[in-house]
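# Structural features, examined
Each chain, written out:
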Amino acid sequence: MRRDSYRIFSEGRIGNLVLSNRLVRSATWDPSILGIRKMTDEVLNLYRELAVGGVGLIITGGFPVYESRPPGEEVGQAAKTFDDLYVDGIERLTDVVHRSRPGCRIVAQLETGYLNARPSTIPSPFSDAESRPLSIAEIHSIMDCFVHAIVRMRESGFDGVQLHGAHGGLLSCFLSPTRTVVLTSTAARRRTGSGSCARLSHRHGKKWATGRS
Ligand SMILES: Cc1cc2nc3c(=O)[nH]c(=O)nc-3n(C[C@H](O)[C@H](O)[C@H](O)COP(=O)(O)O)c2cc1C
(Lines give C-alpha, C1' and ligand atoms only; values in the text may rest on other atoms or scores of the structure.)
Protein backbone atom coordinates (compact mmCIF):
# COMPACT_ATOMS: atom_id res chain seq x y z
CA MET A 1 0.00 0.00 0.00
CA ARG A 2 1.34 3.44 -0.91
CA ARG A 3 2.00 5.90 1.90
CA ASP A 4 -0.25 8.58 0.39
CA SER A 5 -3.24 6.25 0.49
CA TYR A 6 -3.29 6.56 4.29
CA ARG A 7 -5.60 9.34 5.48
CA ILE A 8 -3.09 10.45 8.12
CA PHE A 9 -0.75 11.61 5.33
CA SER A 10 -3.50 13.52 3.53
CA GLU A 11 -4.06 17.28 3.77
CA GLY A 12 -5.80 18.45 6.95
CA ARG A 13 -7.49 21.67 8.02
CA ILE A 14 -8.15 23.45 11.30
CA GLY A 15 -10.34 26.40 10.39
CA ASN A 16 -8.37 28.30 7.71
CA LEU A 17 -5.12 26.63 8.63
CA VAL A 18 -4.13 24.11 5.96
CA LEU A 19 -1.87 21.28 7.10
CA SER A 20 0.24 19.16 4.78
CA ASN A 21 -0.74 16.05 6.77
CA ARG A 22 -2.57 15.11 9.96
CA LEU A 23 0.43 14.34 12.13
CA VAL A 24 0.49 16.74 15.08
CA ARG A 25 3.18 17.09 17.73
CA SER A 26 1.11 17.71 20.85
CA ALA A 27 2.00 20.62 23.18
CA THR A 28 5.10 19.88 25.23
CA TRP A 29 6.36 22.33 27.83
CA ASP A 30 9.88 23.76 27.35
CA PRO A 31 10.89 24.79 30.91
CA SER A 32 14.46 25.60 29.86
CA ILE A 33 13.38 28.63 27.80
CA LEU A 34 10.58 29.74 30.11
CA GLY A 35 12.94 30.04 33.09
CA ILE A 36 15.49 32.26 31.34
CA ARG A 37 12.93 33.91 28.97
CA LYS A 38 15.30 33.33 26.09
CA MET A 39 15.36 30.95 23.12
CA THR A 40 18.16 28.36 23.15
CA ASP A 41 19.91 26.34 20.43
CA GLU A 42 18.83 23.12 22.14
CA VAL A 43 15.13 23.96 21.71
CA LEU A 44 15.71 25.24 18.15
CA ASN A 45 17.40 21.94 17.24
CA LEU A 46 14.50 19.94 18.65
CA TYR A 47 11.96 21.89 16.58
CA ARG A 48 14.15 21.65 13.48
CA GLU A 49 14.15 17.85 13.83
CA LEU A 50 10.38 17.78 14.30
CA ALA A 51 9.87 19.81 11.12
CA VAL A 52 12.33 17.79 9.07
CA GLY A 53 10.80 14.61 10.47
CA GLY A 54 7.60 15.49 8.63
CA VAL A 55 4.84 16.41 11.11
CA GLY A 56 2.13 18.63 9.63
CA LEU A 57 1.71 20.74 12.78
CA ILE A 58 3.84 21.44 15.83
CA ILE A 59 2.14 22.81 18.94
CA THR A 60 4.61 24.45 21.31
CA GLY A 61 4.50 24.00 25.06
CA GLY A 62 2.37 26.46 26.99
CA PHE A 63 3.60 30.07 27.17
CA PRO A 64 2.15 31.95 30.15
CA VAL A 65 0.43 35.23 29.27
CA TYR A 66 -0.26 36.37 32.84
CA GLU A 67 1.16 35.30 36.15
CA SER A 68 0.62 36.23 39.76
CA ARG A 69 1.90 34.63 42.95
CA PRO A 70 0.05 34.04 46.21
CA PRO A 71 0.19 36.99 48.63
CA GLY A 72 3.15 36.62 51.00
CA GLU A 73 5.46 34.96 48.52
CA GLU A 74 8.65 36.88 48.01
CA VAL A 75 8.96 36.48 44.27
CA GLY A 76 6.83 38.45 41.88
CA GLN A 77 3.94 39.55 44.06
CA ALA A 78 2.82 41.87 41.32
CA ALA A 79 1.05 40.31 38.37
CA LYS A 80 3.29 39.84 35.37
CA THR A 81 1.93 40.50 31.94
CA PHE A 82 2.89 38.88 28.65
CA ASP A 83 5.57 41.52 27.97
CA ASP A 84 7.37 40.48 31.19
CA LEU A 85 7.01 36.82 30.28
CA TYR A 86 7.96 37.07 26.60
CA VAL A 87 10.71 34.70 25.46
CA ASP A 88 13.42 36.71 23.76
CA GLY A 89 14.26 35.37 20.29
CA ILE A 90 11.04 33.40 19.92
CA GLU A 91 10.85 34.38 16.23
CA ARG A 92 13.91 32.14 15.69
CA LEU A 93 11.65 29.19 16.54
CA THR A 94 9.09 29.88 13.82
CA ASP A 95 11.87 30.74 11.39
CA VAL A 96 13.72 27.46 11.93
CA VAL A 97 10.51 25.44 11.46
CA HIS A 98 9.39 27.27 8.29
CA ARG A 99 12.88 27.19 6.76
CA SER A 100 13.48 23.52 7.58
CA ARG A 101 10.25 22.45 5.89
CA PRO A 102 8.08 25.23 4.45
CA GLY A 103 4.91 23.06 4.63
CA CYS A 104 5.24 22.58 8.39
CA ARG A 105 2.98 24.74 10.55
CA ILE A 106 3.69 25.89 14.09
CA VAL A 107 1.13 27.02 16.63
CA ALA A 108 1.93 28.62 20.02
CA GLN A 109 0.07 27.34 23.03
CA LEU A 110 -0.96 30.09 25.46
CA GLU A 111 -1.98 29.63 29.07
CA THR A 112 -2.59 31.87 32.06
CA GLY A 113 0.47 30.87 34.10
CA TYR A 114 0.54 30.61 37.89
CA LEU A 115 -2.58 31.93 39.53
CA ASN A 116 -4.10 31.19 42.91
CA ALA A 117 -7.39 32.56 41.71
CA ARG A 118 -10.38 30.90 40.08
CA PRO A 119 -13.80 31.88 38.79
CA SER A 120 -15.29 31.02 42.21
CA THR A 121 -14.39 29.59 45.64
CA ILE A 122 -15.72 26.12 44.80
CA PRO A 123 -12.77 23.72 45.20
CA SER A 124 -11.15 22.38 42.09
CA PRO A 125 -11.18 18.61 41.57
CA PHE A 126 -7.58 19.02 40.28
CA SER A 127 -6.01 20.71 43.31
CA ASP A 128 -6.33 21.01 47.10
CA ALA A 129 -4.78 24.49 47.06
CA GLU A 130 -7.00 27.30 48.32
CA SER A 131 -7.91 29.91 45.76
CA ARG A 132 -9.74 33.19 45.78
CA PRO A 133 -12.34 34.31 43.24
CA LEU A 134 -11.08 36.59 40.49
CA SER A 135 -12.38 40.12 40.31
CA ILE A 136 -14.07 41.23 37.11
CA ALA A 137 -11.19 43.72 36.58
CA GLU A 138 -8.67 40.86 36.76
CA ILE A 139 -10.69 38.82 34.27
CA HIS A 140 -10.59 41.74 31.86
CA SER A 141 -6.88 42.22 32.31
CA ILE A 142 -6.25 38.49 31.70
CA MET A 143 -8.32 38.72 28.53
CA ASP A 144 -6.25 41.70 27.40
CA CYS A 145 -3.06 39.73 28.10
CA PHE A 146 -4.34 36.90 25.87
CA VAL A 147 -5.14 39.37 23.08
CA HIS A 148 -1.73 41.03 23.40
CA ALA A 149 0.04 37.64 23.45
CA ILE A 150 -1.86 36.45 20.35
CA VAL A 151 -0.84 39.57 18.44
CA ARG A 152 2.82 39.25 19.49
CA MET A 153 2.87 35.55 18.58
CA ARG A 154 1.49 36.40 15.19
CA GLU A 155 4.16 39.06 14.72
CA SER A 156 6.72 36.42 15.71
CA GLY A 157 5.68 34.23 12.77
CA PHE A 158 3.37 31.66 14.37
CA ASP A 159 0.65 30.19 12.17
CA GLY A 160 -1.87 30.25 14.99
CA VAL A 161 -2.30 29.90 18.74
CA GLN A 162 -3.89 27.25 20.89
CA LEU A 163 -5.52 28.33 24.16
CA HIS A 164 -4.74 25.83 26.90
CA GLY A 165 -8.15 24.90 28.29
CA ALA A 166 -7.47 21.54 29.95
CA HIS A 167 -7.13 19.77 33.32
CA GLY A 168 -7.68 22.50 35.89
CA GLY A 169 -6.06 25.47 34.12
CA LEU A 170 -7.90 28.77 34.53
CA LEU A 171 -9.74 28.62 31.21
CA SER A 172 -10.97 25.08 31.93
CA CYS A 173 -12.50 26.33 35.20
CA PHE A 174 -14.62 28.80 33.26
CA LEU A 175 -15.88 25.97 31.10
CA SER A 176 -17.19 24.05 34.12
CA PRO A 177 -20.85 24.80 34.93
CA THR A 178 -20.20 23.68 38.55
CA ARG A 179 -17.47 26.27 39.14
CA THR A 180 -18.88 29.37 37.47
CA VAL A 181 -21.44 30.35 40.06
CA VAL A 182 -20.96 34.09 40.05
CA LEU A 183 -21.21 34.52 36.32
CA THR A 184 -23.78 32.61 34.39
CA SER A 185 -22.20 30.12 32.02
CA THR A 186 -23.14 32.29 29.03
CA ALA A 187 -21.67 35.40 30.62
CA ALA A 188 -18.55 33.46 31.60
CA ARG A 189 -18.02 32.25 28.05
CA ARG A 190 -18.47 35.77 26.77
CA ARG A 191 -15.97 37.11 29.30
CA THR A 192 -13.26 34.48 28.79
CA GLY A 193 -12.56 32.49 25.63
CA SER A 194 -15.07 33.86 23.19
CA GLY A 195 -14.74 37.34 24.75
CA SER A 196 -11.03 37.37 23.95
CA CYS A 197 -11.73 36.16 20.42
CA ALA A 198 -14.25 38.97 19.98
CA ARG A 199 -11.71 41.56 21.21
CA LEU A 200 -9.07 40.09 18.93
CA SER A 201 -11.19 40.13 15.80
CA HIS A 202 -12.55 43.58 16.65
CA ARG A 203 -9.01 45.00 16.96
CA HIS A 204 -7.15 42.95 14.39
CA GLY A 205 -9.65 41.50 11.91
CA LYS A 206 -10.71 37.89 11.42
CA LYS A 207 -7.45 36.81 9.81
CA TRP A 208 -6.55 33.89 12.00
CA ALA A 209 -8.01 30.42 11.89
CA THR A 210 -10.38 29.45 14.64
CA GLY A 211 -10.68 25.77 15.36
CA ARG A 212 -11.66 23.63 18.29
CA SER A 213 -9.67 20.68 19.53
C1 LIG B 1 6.92 16.55 29.27
C2 LIG B 1 5.50 16.89 28.86
C3 LIG B 1 5.15 18.23 28.74
C4 LIG B 1 3.85 18.57 28.36
N5 LIG B 1 3.53 19.87 28.25
C6 LIG B 1 2.25 20.22 27.87
C7 LIG B 1 1.90 21.57 27.71
O8 LIG B 1 2.71 22.51 27.88
N9 LIG B 1 0.62 21.85 27.35
C10 LIG B 1 -0.32 20.85 27.14
O11 LIG B 1 -1.47 21.16 26.81
N12 LIG B 1 0.00 19.56 27.27
C13 LIG B 1 1.26 19.22 27.63
N14 LIG B 1 1.59 17.91 27.74
C15 LIG B 1 0.58 16.88 27.39
C16 LIG B 1 0.81 16.38 25.96
O17 LIG B 1 0.58 17.42 25.01
C18 LIG B 1 -0.11 15.20 25.61
O19 LIG B 1 -1.45 15.61 25.60
C20 LIG B 1 0.02 14.07 26.57
O21 LIG B 1 1.40 13.74 26.74
C22 LIG B 1 -0.77 12.81 26.09
O23 LIG B 1 -0.31 12.39 24.84
P24 LIG B 1 0.57 11.05 24.72
O25 LIG B 1 -0.30 9.95 25.22
O26 LIG B 1 0.87 10.93 23.25
O27 LIG B 1 1.81 11.26 25.55
C28 LIG B 1 2.89 17.55 28.09
C29 LIG B 1 3.27 16.20 28.20
C30 LIG B 1 4.54 15.88 28.57
C31 LIG B 1 4.92 14.40 28.68
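From a predicted model like this one, the values you see are computed outputs, not experimental measurements.

Along the chain, the regular secondary structure elements total eight helices and eight strands. Expressed as a percentage of the 213 residues in the chain, the buried residues total 30%.

Moving on to unusual backbone geometry. Across residues other than glycine, the phi torsion is negative in most instances, and most of the peptide bonds are trans. You will see that R37, though not glycine, has its phi angle at about 55 degrees, which is positive. Backbone geometry at H167 places phi at a positive 20 degrees, although glycine is not the residue there. In this fold, H167 is placed in the loop between strand 8 (160-163) and helix 6 (170-175). Judged by the 9 C-beta atoms lying within 10 Å of it, H167 falls in the exposed class.

Spatially, the four strands line up as an open sheet ordered 3-4-5-8, and their pairing is parallel. The strands lining the two open edges of the sheet, one partner per strand, are strand 3 (24-28) and strand 8. On average, adjacent strands in this sheet sit at an angle of 25 degrees to one another, irrespective of strand direction. Bridging between strand 5 (residues 105-111) and strand 8 involves four bridges; their strand directions are parallel. Bridge pairing in strand 8 links A108 to V161.

If you check the shell around the ligand, you find S26, A27, T28, W29, G61, G62, Q109, H164 and A166 and nothing else. Those elements that place two or more of their residues in the shell around the ligand are strand 3 and strand 4 (57-64). The biggest single contributor to the shell around the ligand is strand 3, with three residues. Along the lines of polarity and charge, the residues of the shell around the ligand split into three nonpolar, six polar and no charged.

This next bit is on the environment of S156. As for its position among the elements, S156 is in the loop between helix 5 (136-155) and strand 8. Exposure remark for S156: the 17 C-beta atoms within 10 Å place this residue in the partly exposed category. Put simply, S156 and D95 are 61 residues apart on the chain and 8.8 Å apart in space, counted from C-alpha to C-alpha. Apart from residues no more than four positions distant in its own chain, S156 is found in contact with I90, E91 and T94.

Formed by 35 residues in total, the largest nonpolar core has its most connected members in I58 and F146. Mapped by element, the contributors of at least two residues to this core are helix 2 (41-53), strand 4, helix 4 (91-100), strand 5, helix 5 and strand 8.

Moving on, we get to helix 2. Counted at 1.5 Å a residue, the expected span for helix 2 with its 13 residues is 18 Å, and the 18 Å between its end C-alpha atoms agrees. Among all positions in helix 2, only V43, Y47, L50 and A51 are buried. Buried residues in helix 2, looked at end-on, bunch into an arc of 95 degrees, giving them a common side. Exposed side chains of helix 2 directed beyond 90 degrees from the buried face belong to D41, E42, N45, E49 and V52. Those residues of helix 2 that are buried are in contact with strand 3, helix 1 (31-36), strand 4 and helix 4.

Basis of the calculations
Residues numbered from 1 in each chain as written. Predicted model: local features only at pLDDT ≥ 70, side-chain atom pairs only at ≥ 80, totals over all residues. Helix = DSSP H or I, 4+ residues; strand = E, 2+ residues; numbered from the N terminus. Buried ≥ 20, exposed ≤ 12 C-beta atoms within 10 Å, placed from the backbone. Pairing = 2+ DSSP bridges. Axes fitted to C-alpha atoms, helices over the stretch in contact; angles between N-to-C directions. Near = placed C-beta within 6 Å. Nonpolar A, V, L, I, M, F, W, Y, C, P; charged D, E, K, R; others polar. Contact = placed C-beta atoms within 7 Å. Core = buried A, V, L, I, M, F, W, Y, C linked by C-beta atoms within 7 Å. Expected span 1.5 Å × (residues − 1). Arc of directions from axis to C-beta.

Keep in mind these numbers describe shape, not what the thing actually does.
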